[in-house]
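One-letter residues, chain by chain:
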Amino acid sequence: MVLIFDLDGVVYLGDTPIPGAIESLNALAAAGHRLFFLTNNSTRRRQDYADKLSRMGYPATAEQVMTSAYATGLYLQSLDAAGKSVFVVGEVGLCGEMEAVGLRVISLDDPSHADYVVAGLDRELTYAKLRRAHEEIAVHGATFVATNRDATYPMESGEIPGGGAIVAPIEFSTGVSAVTIGKPESGTWLRILELTGSAPGDALMVGDRPETDIMGARRVGIGTALVLTGVTRADQVPSLPEEQQPDHVIADLTELPALASRLTRS
């Protein structure tokens, strides 16, 4: 079975592994399941996430990781954007993924205009960045792309504003709706199915956000397991909209090896 994991709130919180998560990943890999990681967090490159998981005790490779930043790069690559310019409201990982597909990232003090504005989680957001993004879109006609619309991002100390909180003020000031790339849009899951040669029925999405992880996977026809170590509490599940209802609910990843074994036999 292909198991697709969200990271923040599922495998770890910030830099702290969730108890039992790494051991469960290793057990699942040893049982023959193919593991992939799908995150809307655009702040790091795929290799950075693989290195982080490896340091925690699960030997991951970049090829197992799909991020909203990488998916945004693939999207722009499909538009033949190589050689064009992009103004990034985001962090170094997002800039790196833009450069990897041949885009020229322009800095805040670069007077040239951008063909694209790409926004994601930016923990060093300034008014100057918002103003520049607004001008590139509203005045100069840049195409606006959002890596994701997550309202919040889970940390050890609690939730902080997520990528959607960065996208929202730019949309509000410009009146332009961004093209959204990450979950719950279908592209990232379809790419993983393509890479593995798998049918949707042979995969399971494991995440903590009903409005992205669960709803998006359901749209593609992938089974879903909601884990309660992130942003969703058990008492919230019964009142979720039908399109966000998971097939399975687990307290944490230690319950997943048994569930995966049952699903594989069925």
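In this text, all values refer to a predicted model and were calculated from it rather than measured experimentally.

## So, the side chain of Thr-147
With respect to the element layout, Thr-147 can be found in the loop between β9 (143-146) and β10 (152-155). Look at Thr-147 and you get buried, because its relative accessible area is 0%. Within polar-contact distance, the side chain of Thr-147 engages the side chain of Asn-148 at 3.0 Å. Here Thr-147 is in contact with Ser-42, Ser-68, Thr-72, Leu-94, Val-118, Ala-119, Gly-120, Ile-181 and Gly-182, once residues within four sequence places are set aside.

## Points about the pattern of salt bridges
All chains considered together, the criterion is met by 16 salt bridges. Taking the shortest distance from any N to any O, the salt bridge between Lys-129 and Asp-122 comes out at 2.9 Å. As a salt-bridge pair, Glu-211 and Arg-209 come within 3.1 Å of each other at their nearest N and O atoms. The exposure class of Glu-211 is partly exposed, given its relative accessible area of 32%. On the accessibility criterion, Arg-209 (6% relative accessible area) is buried. The network of salt bridges with common partners includes Asp-6, Lys-183 and Asp-213.

## Let's talk about the layout of surface pockets
Considering only enclosed or pocket space, the largest pocket measures out at about 160 Å³ in volume. Listing elements by their share of the lining of the largest pocket, those giving two or more residues are β6 (85-89) and α4 (92-100).

## Side note on the pairing of strand β1 (residues 2-5)
Burial along β1 is two-sided: Val-2 and Ile-4 and Leu-3 and Phe-5, pointing in opposite directions, are all buried. With four bridges joining them, β1 and strand β4 (residues 34-39) adopt parallel strand pairing. Looking at the pairing, Ile-4 lines up with Phe-36 of β4. Here β1 pairs with strand β13 (residues 203-207) via four bridges, running parallel. If you follow Val-2 over to β13, its bridge partner there is Ala-203.

## Let's talk about helix α1 (residues 21-30)
Buried within α1 we find Ala-21, Ile-22, Ser-24, Leu-25 and Leu-28. Buried positions in α1, seen along its axis, are confined to an arc of 160° and lie on one side of it. Among the exposed residues of α1, those pointing more than 90 degrees away from its buried face are Glu-23 and Ala-30. Looking at the buried residues of α1, the elements they touch are β1, β3 (16-17), β4, α2 (46-56) and α9 (256-265). Looking one or two places after α1, you find Gly-32, whose phi comes out positive at around 100°.

## A closer look at the environment of Ile-181
By the secondary structure assignment, Ile-181 is in the loop between β12 (179-180) and α7 (187-196). Residue Ile-181 is classed as buried on the basis of its relative accessible area of 10%. For the pair Ile-181 and Ala-71, spaced 110 residues apart in sequence, the C-alpha separation works out to 6.7 Å. Excluding residues that lie within four positions of it along the chain, Ile-181 makes contacts with Ser-68, Ala-71, Thr-72, Tyr-75, Val-145, Ala-146, Thr-147 and Thr-188.

## Topic: unusual backbone geometry
Following Lys-183, the chain continues to Pro-184 via a peptide bond in cis, the omega torsion being 15°. Within the element layout of this structure, Pro-184 appears in the loop between β12 and α7. Positive phi, close to 60°, is recorded for Asp-80, a residue that is not glycine. As for its position among the elements, Asp-80 is in the loop between α3 (68-78) and β6.

## A look at the side chain of Thr-39
Here Thr-39 lies in strand β4. At 3.0 Å, the side chain of Thr-39 forms a polar contact with the backbone nitrogen of Asn-41. In this structure Thr-39 touches Asp-6, Leu-7, Asp-8, Tyr-49, Met-66, Thr-67, Ser-68 and Lys-183, once residues within four positions along its chain are discounted.

## Let's talk about the environment of Asp-235
Here Asp-235 lies in the loop between β14 (223-227) and β15 (248-250). The spatial distance from the C-alpha of Asp-235 to the C-alpha of Thr-174 is 38 Å, given a sequence separation of 61 residues. Engagement of the side chain of Asp-235 in a polar contact is seen with the side chain of Arg-233, the distance being 3.0 Å.

## Some thoughts on the sheet that holds β4
With parallel pairing, the six strands of this open sheet are ordered in space as β5-β4-β1-β13-β14-β15. Of all strands in the sheet, those bounded by a partner on one side alone are β5 (65-67) and β15. Neighbour to neighbour, the strand axes of the sheet diverge by 20° on average, direction disregarded. Examined bridge by bridge, β13 and β14 share four bridges and lie parallel to one another. Paired with Leu-204 across the bridge in β14 is Gly-223. Strand contacts of α2: β4 and β5, with the helix running at about 130° to β5, the strand carrying the most contacts.

Parameters at a glance
- Residues numbered from 1 in each chain as written.
- Predicted model: local features only at pLDDT ≥ 70, side-chain atom pairs only at ≥ 80, totals over all residues.
- Heavy atoms only, no water.
- Helix = DSSP H or I, 4+ residues; strand = E, 2+ residues; numbered from the N terminus.
- Buried < 20%, exposed > 50% of the residue type's maximum accessible area, 1.4 Å probe, protein only.
- Polar contact = N/O pair within 3.5 Å; in protein donor to acceptor, adjacent residues only side chain to side chain.
- Contact = heavy atoms within 4.5 Å.
- Salt bridge = Lys/Arg side-chain N within 4 Å of Asp/Glu carboxyl O.
- 1 Å grid on protein atoms, 1.4 Å probe; cavity = no way out; pocket = protein on both sides within 12 Å on 5 of 7 lines; lining within 4 Å.
- Points joined across faces, edges and corners; volume = space filled by probe spheres on them.
- Pairing = 2+ DSSP bridges.
- Arc of directions from axis to C-beta.
- Axes fitted to C-alpha atoms, helices over the stretch in contact; angles between N-to-C directions.

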